[in-house]
Amino acid sequence: MADVVTPSRRSVLKGAALAAAAVAVPVRVFDAQAAAAPAADGIFGYGVASGDPTADAVVIWTRATPPQRHAGDPVAVPGSGLGQPLQVLWEVAADPEFRFRVRQGVVRTSPDSDHTVKVDVTGLSPYTRYYYRFRAEGQASAVGRTQTAPDEPGRLHALRFALVSCSNYTGGYFAAYRALGQRDDLDFVLHVGDYIYEYGNGADRYGPPELIVTRDGVPATETIDLAGYRLRHALHKADPDLAFAHRRHPWITIFDDHEVANNAWNGGAENHTPGTEGAFSTRRQQAYQAYLEWMPFRLPDQDQGAAPHRGIRFFRRFGFGPLGDLSIVETRQNRSPQVNVPPFTTVGGGFIPTGIPAVDAQLADPARQLLEPEQLGWLRAGTADLGRRWHLIGNQVVLTPVRFPGAVLGLPPQLTMLNSDQWDGYQADQAALITHLGAQPASAGDVVVLTGDIHSSWAMDIPASLTAPEAAPVGVEFVCPSVTSDGFYELVRAALPATTPAEAVVAATQNITAAVAAANPWISYLNGVGHGYTLIDVTPDRVQADFYHTPRPTGALPDPRIVPSTQLTHAASWQTLAGSRRLSPATSPVGLRADDPTENPEHGRPG
Ligand SMILES: [Fe+2]
């Protein structure tokens, strides 16, 4: 592919967006009433959500917009700081009719939390399904469904969840989220980052031009402050497909860069301009505040166990009995600046050449960190735990080393590139973790890394060493496709003449991904065309990943993301067998679960 690119990740990932911006950029002024429209449906117009399930607790969430009592009262639009405090009743029951209530209470919300409501409901039974709702001023929210974790000592249960990332609102309709809502077999949804994007609707718009006006961001400009991030989160919570997926399953989430700004590090971001956008630390604090308000995330200060950490402790671990555990890592807050190699990248990292001694020395510098040492130590301890069969890691950026031949990026063929925003850009931490994993005895179980961020579907062995290719891999990594954000296909399409048939763009994309896989023989599967999600199914014998994708683009429909009713289909399945620490093909998508969470209306006392 000839001239795909300026080589930074941002430029690569935004090629199509810039092409879109060239087509038409209607100037739109922020419209508070439009932003408030979902709330006009009632006090609970932003839906309900639940998250961070443990054996005996789950967080339930809503936003309660106070009604206008008198003409002229301010509308408590998200981010406005307006509106009166409100008392909200919450209820958790064993049945969807709420005949058997098991917990209830009243909480007060106010503009201090943007009228969001979050309750950490405790004292629940393990591996049990519950229903919840909120009430205020004579109105009731939708009924949400949730469940506690299958985490009982000595007891094996089924474990199945969906892995998602990168849901750019202006990038398309959330068909993947609708598909998750339709599934009845998930314990939870795992979102590993880029739940929102910070871009506006102007020259920085990111997504297909067909959706300009019909699916715009709110606010219309880049989110840089508390009001902006709150509004962007509210926009997502008002999306019907996303609201459906939240209502149907608990979620476990962690942010990546775009919840703040593109390619963030501990002191800045590629998409942050201190001169006009203020101090990065202020912006990040406000972005985190909005994230914690609007996501069903257990507040860090309520988390049990005070592992040593720096800043806010976002990393945490969930258990699933003897079957396994899931460590959620957080790789942005404390990371050192990315390595930049002008003119390839100047800030925030991206594709840089490797094999240059001065660059390689920087990449391997042990003083540079992706995770703070306290978190890396916590992660290493968790993956050495002898009491659980599988150690899953929910992770933002790709751990496995990947080298890109220059030619596939439109660069001179003698160049070998890597993405310095991934673990590849922090090779001391990368090597420390991989070496640690390789040193674990069989009795410590096996590791499966679950990743997002790169808008494409991958299944890889994690090699013990790039210099000793004969060494056995240390585990496997599955990378989910984006929900909507531009992937390889969109980049290739933007780089080719506009008249290129979609079938030819698909073929060119497949040539590129095949070349990447050939250059990295530990890659078993790489798809750069589909958007969707990855189903992860865990049994004592294996972990299987089923990839579900949007339809392959055609001349009749070159961008399936723009169709609200798009349906996903099964694309591929890979697995890793217990003890193998490597991938093997799976013959078909997973079947029925071995067991299901308890759903028993008799469980609670009549309420
Ligand atoms: Fe992303």
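Because the structure is a prediction, the values reported are computed rather than measured. (Residues numbered from 1 in each chain as written. Predicted model: local features only at pLDDT ≥ 70, side-chain atom pairs only at ≥ 80, totals over all residues. Heavy atoms only, no water.)

Assigned secondary structure in the chain consists of 12 helices and 27 strands. Taken over the C-alpha trace, the chain has a radius of gyration of 23 Å; the compact-globule value for 607 residues is 25 Å, and the two agree within 12%. Taken along the three principal axes of its C-alpha coordinates, the chain extends 70 × 60 × 50 Å. Per-residue burial over the chain gives 62% buried out of 607 residues. Long-range pairs, those at least 24 residues apart, make up 74% of the contacts in the chain between residues at least 6 apart in sequence. As displayed, the chain offers around 21000 Å² of accessible surface, 56% of which is attributable to carbon and sulfur atoms. For the chain, the centre of its 48 positive side-chain charges and the centre of its 61 negative side-chain charges are spaced 3 Å apart. (Helix = DSSP H or I, 4+ residues; strand = E, 2+ residues; numbered from the N terminus. Rg over C-alpha atoms; globule rule 2.2 N^0.38 Å. Buried < 20%, exposed > 50% of the residue type's maximum accessible area, 1.4 Å probe, protein only. Contact = heavy atoms within 4.5 Å. Areas by Shrake-Rupley, 256 points an atom, 1.4 Å probe, with all protein chains shown as cover. Lys, Arg positive; Asp, Glu negative; His and termini not counted. Charge placed at Lys NZ, Arg CZ, Asp CG, Glu CD.)

A word on the coordination of the iron ion. With distances of 2.1 to 2.5 Å, the protein atoms coordinating the iron ion are Cys 166 (SG), Asp 194 (OD), Tyr 197 (OH) and His 455 (NE2). In this structure, the iron ion is coordinated by four donor atoms arranged in irregular fashion, with angles at the metal of 84 to 167°. The sequence pattern describing where the donors of the iron ion fall on their chain is C-x27-D-x2-Y-x257-H. Of this pair, Tyr 197 sits in the loop between strand E10 (188–191) and helix H4 (226–237) while His 455 is found in the loop between strand E20 (446–451) and strand E21 (457–461), placing the two residues 258 residues apart along the sequence. (Donors = N, O, S within 2.8 Å, 3.2 Å for Na, K, Ca; no water. Tetrahedral: all angles 85-135°; square planar, octahedral: opposite > 155°, others 65-115°.)

Turning to the sheet that holds strand E18 (residues 404–405), a few remarks are in order. If you walk across this open sheet you meet the three strands as E16-E19-E18, and the pairing is antiparallel. The open sheet has two edge strands, strand E16 (351–354) and E18, and neither has a second partner. (Pairing = 2+ DSSP bridges.)

Every second residue of strand E8 (residues 144–147) is oriented toward a common face, with Gly 144 and Thr 146 on one face and Arg 145 and Gln 147 on the other, all of them buried. The sheet contact formed by strand E6 (residues 129–136) and E8 spans four bridges and is antiparallel. Each residue of the ladder has a partner; that of Tyr 130, found in E8, is Thr 146.

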